[in-house]
Amino acid sequence: MIRRALDCGSLRSLSLSPVCGVRPNLPDPEDEKAMELYKLYRPERITPAKRGIELLKSPGLNKGMAFSLFERQYLGIHGLLPPAFMTEEQQAYRIMLRIREAPNDLARYGILDALQDRNEKLFYRVLCDNIKELMPIVYTPTVGQACQQFGSIYKNPKGIYITINDNSISKITQILSHWPHQDVKAIVVTDGERILGLGDLGCYGIGIPVGKLALYVALAGVHPEWCLPVLIDVGTDNQALLNDPMYTGLRRNRVRGKEYDRLIDNFMKAVTKRFGMDTLIQFEDFGNANAYRLLDRYQQKYCMFNDDIQGTASVVVAGLLASTRVTKKKLSQEKFVFLGAGGAATGVAEMCVGQMVTEGLTEQEACERIFMIDIDGLITKKRANLSERHQKFAKDLPDTRNLLEVVKTVKPGAIIGASTVAGAFTEEVIREMAANNARPIIFALSNPTSKAECTAEAAYKYTNGTALFASGSPFANVELNGKLFKPGQGNNAYIFPGVALGVVLFKIRHIDNELFLMAARKVAESVTEKSMNTYSRIYPRLKDIRELSIKIAVEIAEHCYRNGTATLYPEPEDKEQFIRYQVHTVDYEELINRSYDWPAKDKQHGFPIPVMKRHSMDDE
Ligand SMILES: NC(=O)c1ccc[n+]([C@@H]2O[C@H](COP(=O)([O-])OP(=O)(O)OC[C@H]3O[C@@H](n4cnc5c(N)ncnc54)[C@H](O)[C@@H]3O)[C@@H](O)[C@H]2O)c1
Ligand SMILES: O=C(O)C[C@H](O)C(=O)O
Ligand SMILES: [Mg+2]
């Protein structure tokens, strides 16, 4: 079977998607200026200190059967691998066969997880070349299922665990120093309290930072060794997990209050102490009580952002801005009803206000256009104990918990769900939206798929194909009355990789909200007319995110050099070229720095000098 698979004929017949991962962006050797830049910017190749079996067990270096004869002999692994040679393409093909033959998505997650542990380049090669097919496996929605079942599928550690028992700067610094890579530039951290819409998964939440960082690499070319996933374990209030014999975390209820705050404070300090002031810290899937609070506390002091608030705001505003090209109405001319008023919805609402203000409304006029419903119903002026953030959206309307009633009263142009309530956008609600709007905007953002406020099919069907629909989790294409709809994925994955790329490469010290509005505009302008007019899709294709990330990074870098928060000097003149020379590539690299090691080492060790030949199956 495998032999057949490796045959070029069947390679074609399996119709693997065309390679979309990044290839090394080599300059024209004739172009002296470009070559000079390339040499300056491209990280130096250093022959690894590891040899022998240790090398094969290092996922960042291992190439498996793609090691050439020369490398096998030189690096002490000759004979430790089967004698045949494979190209990276052949290895990728073999993995894709296994993935496609696997019984379900969780099994596919397991195959990719094991590959990442074994051979990082190949993992990213496979992921980048098949991003539409595999992003739903390493990321939302399958990552949610993987987190829920983490106790039984756990194999190898990925990332760092810091618990409430490690609550001092020196203990946390010590733990961080156990991480094998010195040059960490970006951390994604969660305390596991609100994993997607699945609630408190405690220590099982580690899958989320791991998945987000896989997208840093696959969708923006951030180097894997710069990335560190962190799980902060303060216990869990999920009784099922506390009773689960396979639970991998602290078996206690969540610590809250001062002790919790002290732990997060110590963590922030220890990170900057260990890895430097400009280490990017992305907060992810914190519970409602902490998400905004911690953002407010740290935004001005550290290089950090909250993805669920700011990344989500950015991607949703991007979708809304793209929609204006179809509806021919500015944001400031629409009314919006949000179902859910947590971190995600409030972040989006605040950024919508920002955009409407740039379009000429006052802040108050903008807030009047936004209606928010949470678990206790419509946020009205009668509500006691409203937070300052919600106060400005409170309305002088009768209290109600009924979304349909609100939609009938307000007649919004858009309904945006971030409530975790599956099916909350009922047939009646969607039909009402269609009755009031030529092109109703319907965003079902809750993740994973099982929590979406409606399906793509429901949105198109009950609006007779007029909906401008997006969802947090991917939905398959829908065919309705002979027309094909390709629903876009309104997921912060369009934003955080590009923002992170810009921040780490240009050493941006401070991440303000403006960067997210800029990213939103970049995403919106990248949606093609064909995408909108033919398929009603208001987001770019997933395989375009990698290029989009570069555009976002350039845009925010220009801005941050202007306001003095970008600290990489000398400032690269051509920022795009600088990025392209710096990013991680999915091609195996030559591991031996021949200019230094060869032939001097060879003479010293007396290795035979093998004749280098092209890898091919002829080597068998
Ligand atoms: N698509 C994306 O990129 C994206 C980004 C962030 C969050 N999300 C998803 O959005 C959801 C919410 O995330 P969050 O960070 O805002 O969580 P959160 O816990 O901060 O907020 C949840 C909100 O939903 C409200 N809610 C709960 N039950 C409700 C009900 N029956 N009726 C009305 N409102 C109800 C709560 O009162 C709260 O305001 C999650 O499913 C998350 O996965 C998606
Ligand atoms: O993780 C995602 O898919 C998006 C978002 O960050 C979420 O929490 O749902
Ligand atoms: Mg999240």
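Computed from a prediction, not measured in an experiment: that's the story for all the values here.

*Asks:* Please give an account of the overall build of the protein that cites residues and values.
*Replies:* Across its full length, the protein holds 30 helices and 14 strands. Against the globule reference of 25 Å for 620 residues, the protein gives a C-alpha radius of gyration of 25 Å, in line with a compact fold. Counting only C-alpha atoms, the protein reaches 85 × 60 × 55 Å along its principal axes. The proportion of buried residues among the 620 residues of the protein is 60%. Counting contacts in the protein only where the partners sit at least 6 residues apart, residues at least 24 apart contribute 73% of the total. As presented, the protein carries roughly 26100 Å² of accessible surface, and 51% of it is formed by carbon and sulfur atoms.

*Asks:* Describe unusual backbone geometry, listing the residues and the values that go with them.
*Replies:* Going from Asn447 to Pro448, the amide bond is cis rather than trans, its omega being -10 degrees. Within the fold, Pro448 resides in the loop between strand 10 (441–444) and helix 23 (456–462). Residues Tyr569 and Pro570 are joined by a peptide bond in cis, for which omega reads 0 degrees. Looking at the secondary structure, you find Pro570 in the loop between helix 27 (545–562) and helix 28 (575–582). The phi torsion at Thr420 lies on the positive side, around 65 degrees, for a residue other than glycine. For Thr420, the location among the structural elements is in the loop between strand 9 (414–417) and helix 22 (427–436). On the accessibility criterion, Thr420 (38% relative accessible area) is partly exposed. Despite not being glycine, Lys507 has its phi angle at roughly 50 degrees, a positive value. Here Lys507 is to be found in the loop between helix 24 (496–505) and helix 25 (513–525). Judged by relative accessible area, which is 30%, Lys507 ranks as partly exposed.

*Asks:* Can you tell me about the coordination of the magnesium ion (ligand 3), naming the residues and giving the values?
*Replies:* Six octahedral donors around a metal ideally subtend angles of 90 or 180 degrees, whereas four tetrahedral donors ideally subtend 109.5 degrees. At 2.0 to 2.1 Å from the magnesium ion (ligand 3) lie its protein donor atoms, namely Glu284 (OE), Asp285 (OD) and Asp308 (OD). When the donors of the magnesium ion (ligand 3) are listed by position in the chain, the intervening gaps give E-D-x22-D. On the criterion of sequence distance, the pair formed by Asp285 in the loop between strand 4 (280–283) and helix 16 (288–298) and Asp308 in helix 17 (residues 307–327) is long-range, its members being 23 residues apart. Accessibility classification places Asp285 together with Asp308 in one group, the buried group.

*Asks:* Outline the UniProt feature "domain: Malic enzyme N-terminal" (unreviewed entry) in the protein, supporting the account with residue identities and numerical values.
*Replies:* Within this numbering scheme, the UniProt entry marks residues 116–299 as carrying the feature "domain: Malic enzyme N-terminal" (unreviewed entry). Counted over residues 116–299, helix gives 48% and strand 11%. Its end C-alpha atoms are 32 Å apart.

*Asks:* Please give an account of the sheet that holds strand 14 (residues 488–489) that cites residues and values.
*Replies:* Strand order in this open sheet of seven strands is 8-7-6-9-10-11-14, and the pairing throughout is mixed. A strand with exactly one partner marks an edge of an open sheet, and here the two such strands are strand 8 (377–378) and strand 14. Inspection of the sheet shows strand 6 (residues 336–339) paired to strand 9 by four bridges, in the parallel sense. Among the inter-strand pairings, Phe336 is bridged to a residue of strand 9, identified as Ala414. Across the sheet, helix 18 (residues 343–358) is in contact with strand 6 and strand 7 (370–374); its angle to strand 7 comes to roughly 175 degrees. Here helix 21 (residues 403–410) sits on the sheet in contact with strand 6, strand 7, strand 8 and strand 9, set at roughly 170 degrees to strand 6.

*Asks:* I'd like a rundown of the pairing of strand 11 (residues 468–471), residues and numbers included.
*Replies:* Here strand 11 shows two buried faces, one formed by Leu468 and Ala470 and the other by Phe469 and Ser471. Inspection of the sheet shows strand 10 paired to strand 11 by four bridges, in the parallel sense. Counterpart to Ile442 in the pairing with strand 11 is Phe469. In the classification by handedness, the crossover that spans strand 10, the intervening helix 23 and the parallel strand 11 is right-handed. Note: strand 11 against strand 14, two bridges, orientation parallel. Within the sheet, the bridge partner assigned to Ser471 lies in strand 14 and is Gln489.

*Asks:* Give a description of the confidence of the model for the protein that names residues and reports values.
*Replies:* In the predicted model, the protein carries a mean pLDDT of 92, and 91% of its residues have values of at least 70. Considering only residues more than four positions removed or in separate chains, one finds that residues 1–24, a stretch of pLDDT under 50, has 47 contacts. For this predicted complex, the interface confidence comes out at an ipTM of 0.99, alongside a pTM of 0.93.

Rules of the game
- Residues numbered from 1 in each chain as written.
- Chains lettered and ligands numbered in written order.
- Predicted model: local features only at pLDDT ≥ 70, side-chain atom pairs only at ≥ 80, totals over all residues.
- Heavy atoms only, no water.
- Helix = DSSP H or I, 4+ residues; strand = E, 2+ residues; numbered from the N terminus.
- Rg over C-alpha atoms; globule rule 2.2 N^0.38 Å.
- Buried < 20%, exposed > 50% of the residue type's maximum accessible area, 1.4 Å probe, protein only.
- Contact = heavy atoms within 4.5 Å.
- Areas by Shrake-Rupley, 256 points an atom, 1.4 Å probe, with all protein chains shown as cover.
- Donors = N, O, S within 2.8 Å, 3.2 Å for Na, K, Ca; no water.
- UniProt positions renumbered as here; feature names shortened; annotations may be inferred.
- Pairing = 2+ DSSP bridges.
- Axes fitted to C-alpha atoms, helices over the stretch in contact; angles between N-to-C directions.
- Right-handed = clockwise from strand over helix to strand, strands pointing away.
- pLDDT = per-residue confidence, 0-100.

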